[in-house]
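This is what each chain is made of:
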Amino acid sequence: MWSAAAGSCGRVWWVRYHCCRCCSVGLRGLLGGAAAASARGLVGVQVVDVAPQDVDVVVWEGVCEDTLLELGHLSAIGDLLRACIAARRPRPRLVPGRCRVWATLLDDRLPRIRGCDVSRLERLRGFELAVPRRWPRGACHIEPRVVASSDAVLLWDLELDTLGDQPPNHTVRSSLTFAVQSSAAVSGIGFWIEAPEPEGGGRPRAQQAPLRLTSSADIAASWLACVQSVAPRRATSDGSVILDAHLTLSRIWFEWPDEGRAPSGKFDNLTSGTAQCLPIVPPLGKTLLPPWHFKMLNDHVRNHMYDSAISRAVHAASARVGRGKVATKRPSVLDCGCGAGLLSLMATRAGAGAVCAMELSPVIADIAEQTFSVNLSEQKHHHPQTSISTASKIQLLAGDVRSFSTDQVGRHDVIICELMDASGVGESLLGVLAHACTFFAAPLAQVIPCKLRLSGGLGYLALPECHGSLNFAAFEPFYFCARRGGPFSADSTPRELQGGGIATPSPTLPALHTGPFASKNLNRLRRGERWDLLTFEAAFLEFDIASALRGSAMHPREAEVELVVKSSGVVNCIQWCWSAKLDEHETLSNRPLEAGGLHQTHWHQPLVPIGPLAVRAGDRLLLRVSLSDAVGQKLSFTLRPAGPGSCHFWAQPPPAPTPNNSQQAPSPTLPPEPLTEMLASWKTRWEQACAANTALLGKHTRRGDLTGLAGLQQAALAIVAHPRLFGCDPHVRDRLLLIFFGLSFK
């Protein structure tokens, strides 16, 4: 659509609010330079920060994933149109020229998980957080359920060329009435946008028939479907629900009428003739747990495998303790890091006589205690014949597992733990289980999981080429890790490359990610993104967790593996996955489906930027993998050639030219990175920001202080809600939402 519109006009303006240098360079590279643009009929294409008035077409990219209307785009278009009116210039053509926003009511609360009621955890979900997010897609997302019994409601029909006739800070509020079943629960609103194509080059049709999207699948298939949670309420007896919808030039949000209305008698100085003050930003809510926590609870593969392994372990332990002197004794279970308490409830259902659940966060521990009470009461109700002496008992301890002694916890027949993150070891799984197996295990105890294996290789992660014609490679230094430049475009070749959880990552350019690792859902990449392993997979580290029951140490650990390149290309990361053996029958893994994974779970896949390094099929490299920090949760990597000449592009620079070797071909290198200076500055600022953020979050996360984290979340939300006040552009806003609320839209 953009090419067709631009090819029939003289000057095109691409709207980018505060367009930074990298965007300008990238878009010019995207267009292929002035000569290529002219060949395509694109004459006078500009990427600018300030809107020029003498343009024929404005192509705006004002739709994003969370606010639906990107910060500043509509304001910039309105300023341009008002300037054209004042200067008596013809208005430019807008692409797209019209947007319609539709909405319906949803219920996206937690379902029962493996028959257990964990709904008490909803209190930590942050329903009052007025930040929309992409419609959840994937195997573990909680699928919103449409509860409205009527057609979708058309919220707004926006004609963009009318923005010039409106005041700069125009604010609109609409009262929406939905019909639902009597007493139906409403916990969210789903909305989506459509940009109708004009008919015959003219304006779109003025009228639009109601959309009959009555299922979640229909909405998910629409363009840019979003969800915003609201505090759960039930419909009135007549089956009606009323919500207020707010629209500004930069945000869309929804709230219950009694939450957002200001006292009457006040007038809005932003819009004339309004009977009360309309908010221009959403209310400041708070949340305590990010959405990934609820995806984890809804991970059916994880839950099924743990349920099966726990049931077998409890039955085996029952057979062992039943041979003792006390025939009625039942096995006891220790749950390290119980969270909402789901695994503890599985153990009681399997027949455990006693369960000791340990949770670091006091806030989550309080919720878990309520969850235990509700579910144990349900068990007694459904099995009234169970006597008090044989009923399962759950003890809850709040604190770090490693801070308790044997006298406080006791000895247990089964030890269970689910502290695997994307990397496998990043949540102190090994340190927690080593302590538990040493101090809390009864004779012949069983631990779940009993083994952990990390395996992977060298790979690449790259931006797509749009429709096979538009190359976005210019943006790759800012996406993950550049495919060009880096240590092999300099005069000297490094002896080795380092990455992961080390003090000073090397190379310093152009890898921008800091910290132990980044993660990416390789099962659900955005359309056109590409990844692959360029080497054969190898085992990095293996941990026999069950050996900790016999006193063996699990960390520090180090191994060096040889990686053989199977496909030529450019390596820009180390990729790996983990496999956790729960027992002889169940093995849980986050291996991507394309790499042979059997299941899609909520875990993403870890990656460490390194290089970039050009490789050829048959090259051999040595990768040293270390787990040497005090708590056993940070992996570090060192990469070097397996031997002289084993990696074609890892060669020493040629000697200085002499009369005898003046014709000698230089060693192959990657082309220089044109943005080296800016990348160096950016990486320094990035590392400073990451260090400050880690220090700020660490003092709360180390002791599970969710109340302190909620205060930080509110401060971050204040910046997100008032972006211009804090000079916060869309990229900073998205990063804040990702760090503090987990809204990554993956």
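Everything that follows concerns the structure shown earlier in this document.
Remember, predicted model here, so these are calculated numbers, not experimental data.

## Re the overall build of the protein chain
From N to C terminus, the protein chain includes 16 helices and 31 strands. In the protein chain, which comprises 746 residues, the share counted as buried stands at 51%.

## Focus: the sheet that holds strand β31 (residues 635–641)
Pairing in this open sheet of 4 strands is antiparallel, and the strands run β22-β31-β30-β26 from one edge to the other. Every other strand in the sheet has two partners, leaving β22 (497–500) and β26 (557–564) as the edge strands with one partner each. Sheet twist, expressed as the average angle between the axes of neighbouring strands with direction ignored, equals 20 degrees. Summarising the sheet, β22 and β31 pair through 4 bridges and their orientation is antiparallel. Counted as the bridge partner of L497 is L639 from β31.

## Describing unusual backbone geometry
Peptide bonds are, in most cases, trans, and in most cases residues other than glycine have a negative phi. In this chain, I448 is followed by P449 through a cis amide linkage whose omega measures 5 degrees. Of note, P449 is situated in the loop between β18 (441–448) and β19 (451–462). With omega at 5 degrees, the peptide bond leading from H555 into P556 counts as cis. With a phi close to 50 degrees, R114 is a non-glycine residue in the positive phi region.

## Remarks on the packing of aromatic side chains
Both the distance between ring centres and the angle between the ring planes are used here to describe each pair of aromatic rings. Counted by the stated rule, this structure contains 4 aromatic pairs. On the numbers, 6.2 Å between centres and 65 degrees between planes, the contact of F540 with F637 is edge-to-face. With F540 in strand β25 (residues 538–544) and F637 in strand β31, this pair connects stretches of sequence that are 97 residues apart. Just as F540 is buried, F637 falls in that class too. On the numbers, 5.1 Å between centres and 45 degrees between planes, the contact of W576 with F637 is tilted. Within this pair, whereas W576 is found in strand β27 (residues 569–581), its partner F637 is found in strand β31, the two being separated by 61 residues in sequence. Classification of W576 by relative accessible area gives buried; the value is 4%. Three or more aromatic residues joined by ring pairs make a cluster, and in this case those are F540, W576 and F637.

## What to know about helix α12 (residues 429–439)
With 8 of its 11 residues buried, α12 lies for the most part within the structure. Regarding α12, the residues found buried are L429, L430, G431, V432, L433, H435, A436 and C437. Those residues of α12 that are buried lie in contact with β14 (332–336), β17 (412–417), β18, β19, β25 and β30 (620–627).

## Re helix α9 (residues 342–350)
In terms of burial, α9 is a largely internal element, 8 of the 9 residues being buried. Regarding α9, the residues found buried are L342, L343, S344, L345, M346, A347, T348 and A350. Just downstream of α9, G351 is the residue with a positive phi angle, here 115 degrees.

## Observations concerning the sheet that holds β14
Read from one edge to the other, the open sheet built from 5 strands follows the order β16-β15-β14-β17-β18, with strand pairing classed as parallel. The strands lining the two open edges of the sheet, one partner per strand, are β16 (393–398) and β18. The mean angle between the axes of side-by-side strands here comes to 20 degrees, regardless of whether they run parallel or antiparallel. Pairing of β14 with β17, which is carried by 4 bridges, proceeds in the parallel orientation. Following the sheet pairing, D335 is matched in β17 by I416. Strand contacts of α9: β14, β15 (354–359), β16 and β17, with the helix running at about 175 degrees to β15, the strand carrying the most contacts.

## Focus on the pattern of salt bridges
Between side chains of opposite charge, a pair can form as their charged atoms come close. Evaluation of the coordinates by the stated rule reveals 22 salt bridges. Of the charged contacts in the structure, one is a salt bridge between R98 and E159, with a shortest N-O distance of 4.0 Å. One end of the pair, R98, is in strand β5 (residues 98–107); the other, E159, is in strand β8 (residues 153–159), with 61 residues separating them in the sequence. Overall, R98 belongs to the buried group, its relative accessible area being 7%. E159 sits in the partly exposed class, given a relative accessible area of 26%.

The rules behind the values
Residues numbered from 1 in each chain as written. Predicted model: local features only at pLDDT ≥ 70, side-chain atom pairs only at ≥ 80, totals over all residues. Heavy atoms only, no water. Helix = DSSP H or I, 4+ residues; strand = E, 2+ residues; numbered from the N terminus. Buried < 20%, exposed > 50% of the residue type's maximum accessible area, 1.4 Å probe, protein only. Pairing = 2+ DSSP bridges. Axes fitted to C-alpha atoms, helices over the stretch in contact; angles between N-to-C directions. Phe/Tyr/Trp six-rings, centres within 6.5 Å; stacked < 30°, edge-to-face > 60°. Contact = heavy atoms within 4.5 Å. Salt bridge = Lys/Arg side-chain N within 4 Å of Asp/Glu carboxyl O.

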